[in-house]
Amino acid sequence: MAVWGSGSGPVIVGGMGLLGNLLKTVSGAVTGGRRRGGAPSRDAGRSGGRRPRSTPAARSSSSSSVAAAHGHPAGERARSSRADVEVSPGEFGPDATMEVDPHRIGPVRMSYSPHTDGAPDPGEIVWTWVPFEENDGRGKDRPVLVVAVESAGTYLAVQLTSKDHDGEGDFVPVGAGGWDGEHRPSWVNLDRVIRVHQGGMRREAAALPREPFERVTSRLHQRYGWR
């Protein structure tokens, strides 16, 4: 298309229009290529720039590894410590040794019949786990003097001690013997009556001679009416 200007001849404007359209087409092609090929999206930039979060399982595994590096985990330490503790006969279970109220156990017939047969016979001093007087679950391996057999097959005994209780009314002296490794004099505590099961006895220690045994049973008869 030709238009006339103020100069000496016509100006060609139709060619410039075609050139403008061509430039627009090329620019559009270049822009479309960039969008399709290449520039990373905003979301891709976010995900690529951040470190992945650790999952709870990964953190737990890491903590376990640290704990293992410094020793046993807490659970294994607890199980290990329990396994290392030696349980004494009479401490737990159906054969547990227990203190009983001598006024509430009914008639008791005492006898003197020691035999080295693996059973806690009357007249014998045996070792078993004995609860502390507080009855709070704690106790200690101690010697006791067996004085009677109960109808259920259990045994009644009184606790011995090597502490000096000379002249005290609740204690009866029985002398020294093979039940104590140091052969110290012993006293029977009349207040502490113990029920012993055969399975709760750790060992037979020695037979108490009849004379001190009868001193003990005489005092038990006076105190509780046992025969």
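On a predicted model such as this, the values are computed, not experimentally measured, just so you know.

### Here's the deal with the environment of Glu211
Residue position: Glu211 is located in helix 5 (residues 210–224). The class for Glu211 is partly exposed, based on a relative accessible area of 48%.

### Comments concerning the pattern of salt bridges
Close approach of charged atoms allows side chains of opposite charge to pair. On inspection of all chains with the given rule, the structure shows ten salt bridges. When the shortest N-O distance is used, the salt bridge between Arg223 and Asp170 registers 3.0 Å. You can see Arg223 sitting in helix 5 and its partner Asp170 sitting in the loop between strand 6 (155–161) and strand 7 (171–175), a full 53 residues away along the chain. When the shortest N-O distance is used, the salt bridge between Arg184 and Asp180 registers 2.8 Å.

### Describing the nonpolar core
Among the nonpolar cores identified, the biggest contains 23 residues, and Leu145, Val147, Val188, Leu220 and Trp226 are the most heavily contacted of them. Listing elements by their share of this core, those giving two or more residues are strand 4 (124–131), strand 5 (139–149), strand 6, strand 7, strand 8 (186–196) and helix 5. The element that contributes the greatest number of residues to this core is helix 5, accounting for four residues. Excluding anything up to four places from it in sequence, Val188 contacts Leu145, Val158, Gln159, Leu160, Asp170, Phe171, Val172, Val174 and Val216. Counting residues in each nonpolar core, the second largest holds ten residues, with Ala119, Val146, Ile194 and Val196 among its members.

### Describing the packing of aromatic side chains
Within the structure shown, the criterion is met by two aromatic pairs. With centroids separated by 5.0 Å and ring planes inclined at 55°, the aromatic side chains of Tyr112 and Phe213 adopt a geometry described as tilted. In this pair, Tyr112 sits in the loop between strand 3 (98–100) and strand 4 while Phe213 sits in helix 5, placing the two residues 101 residues apart along the sequence. The class for Tyr112 is partly exposed, based on a relative accessible area of 23%. Between Tyr224 and Trp226 the ring centres are 5.3 Å apart and the planes differ by 40°, which places this aromatic pair in the tilted class.

### Focus: the pairing of strand 4
Note on strand geometry: in a regular strand, side chains alternate between the two faces of the sheet. When you tally the buried positions in strand 4, you get eight out of eight residues, the bulk of the element. When strand 4 meets strand 9 (residues 201–207), the two strands line up antiparallel, connected through five bridges. The residue bridging Glu124 from the neighbouring strand is Ala207, located in strand 9. Both strand 4 and strand 5 contribute to a ladder of seven bridges, which runs antiparallel. Looking across to strand 5, one finds that Val130 is bridged to Lys140.

### Points about helix 5
Since one α-helical turn is 3.6 residues long, residues separated by three or four positions face the same way. Spanning 15 residues, helix 5 covers 20 Å between terminal C-alpha atoms, matching the ideal 21 Å at 1.5 Å per step. Buried within helix 5 we find Pro212, Phe213, Val216, Thr217, Leu220 and Tyr224. Looking straight down helix 5, one finds its buried side chains confined to an arc of 140°; they lie on one side. In this structure, the buried side of helix 5 is in contact with strand 5, strand 6, strand 7 and strand 8. Phi turns positive, to about 80°, at Gly225, one or two residues after helix 5.

### Considerations on the environment of Ala157
Tracing the backbone shows Ala157 in strand 6. Look at Ala157 and you get buried, because its relative accessible area is 1%. Taking C-alpha positions, Ala157 is 7.1 Å from Val196, a pair spaced 39 residues apart along the chain. Discounting residues that sit within four places of it in the chain, Ala157 has contacts with Val144, Leu145, Val146, Val147, Arg192, Val193, Ile194 and Val196.

### Considering the side chain of Glu91
As for its placement among the helices and strands, Glu91 is situated in the loop between helix 4 (74–84) and strand 3. No salt bridge is formed by the buried Glu91. Its closest oppositely charged neighbour is Arg202, at 10 Å. Excluding residues within four positions of it along the chain, Glu91 makes contact with Glu86, Ala96 and Trp129.

### Notes on the confidence of the model for the protein
Mean pLDDT over the protein works out to 76, with 63% of the residues at or above the 70 mark. The model gives residues 1–15 a pLDDT under 50, and that stretch makes twelve contacts with residues more than four places away or in other chains. Low confidence marks residues 37–52, where pLDDT is under 50. Its contacts with residues over four positions away, or in another chain, come to two contacts.

Criteria and thresholds
Residues numbered from 1 in each chain as written. Predicted model: local features only at pLDDT ≥ 70, side-chain atom pairs only at ≥ 80, totals over all residues. Heavy atoms only, no water. Helix = DSSP H or I, 4+ residues; strand = E, 2+ residues; numbered from the N terminus. Buried < 20%, exposed > 50% of the residue type's maximum accessible area, 1.4 Å probe, protein only. Salt bridge = Lys/Arg side-chain N within 4 Å of Asp/Glu carboxyl O. Core = buried A, V, L, I, M, F, W, Y, C linked by side-chain atoms within 4.5 Å. Contact = heavy atoms within 4.5 Å. Phe/Tyr/Trp six-rings, centres within 6.5 Å; stacked < 30°, edge-to-face > 60°. Pairing = 2+ DSSP bridges. Expected span 1.5 Å × (residues − 1). Arc of directions from axis to C-beta. Lys, Arg positive; Asp, Glu negative; His and termini not counted. pLDDT = per-residue confidence, 0-100.

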